[in-house]
Amino acid sequence: MSEIPPAGAERRRHTRFKALPNAVAILNSNPIRIGQVLDISDAGLSFSYVSNLHWPAKSPHTNEALILSCKNLYFRLQSHQYSIVADQIFEPVMSFSHIPIRRMSLLLSNLNPKELEMLKEYRRGA
């Protein structure tokens, strides 16, 4: 039997790296969520987005996907390659702000070697 780590203990298998300021994530689902990537690893990422907005609905002809953009790099993962781990209230850096911000954490899976290399390039900032 394995020991359960204490609350707040790090359980990730991969090191998380702080994302570059121009790293953007778009979760093309209903509703669409667009935000700034906060951190990223070989197996997951988290991004912040403004909640309670009337985001546009995705086109019925568009497959659900996660789109990552940074400078001149555009990276797209299909819905079977990620899962939402958490979607929670996120305290903004500016405590006086009344804009509701959320943090979404995603687990990445089923990436082929080319996609893993693109993810590493994305993490480096292309």
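Preceding this paragraph is the structure being described.
Draft legend 1. Representation of the overall build of the chain within the structure. Of the regular secondary structure elements, the chain holds 1 helix and 8 strands. Reading the chain from its N terminus to its C terminus gives the helix and strand order β-β-β-β-β-β-β-β-α. When burial is assessed residue by residue, the chain has 35% of its 126 residues classed as buried. For the chain, the share of sequence-separated contacts (at least 6 apart) that also reach a separation of at least 24 residues comes to 58%.

Draft legend 2. Representation of the nonpolar core in the model. Membership of the largest hydrophobic core comes to 22 residues, with the highest contact counts inside it found for Leu45, Phe47, Leu66, Leu68, Leu108 and Tyr122. Of all the elements in the fold, those that place two or more residues in this core are strand 2 (24-28), strand 3 (33-40), strand 4 (44-50), strand 5 (65-70), strand 6 (73-78), strand 8 (101-108) and helix 1 (113-124). Here Leu68 is in contact with Val24, Ala25, Leu45, Leu73, Tyr74, Phe75, Leu119 and Tyr122, once residues within four sequence places are set aside.

Procedures and definitions
Residues numbered from 1 in each chain as written. Predicted model: local features only at pLDDT ≥ 70, side-chain atom pairs only at ≥ 80, totals over all residues. Heavy atoms only, no water. Helix = DSSP H or I, 4+ residues; strand = E, 2+ residues; numbered from the N terminus. Buried < 20%, exposed > 50% of the residue type's maximum accessible area, 1.4 Å probe, protein only. Contact = heavy atoms within 4.5 Å. Core = buried A, V, L, I, M, F, W, Y, C linked by side-chain atoms within 4.5 Å.

Note that every value here comes from positions in space, so none of it alone points to a role or purpose.
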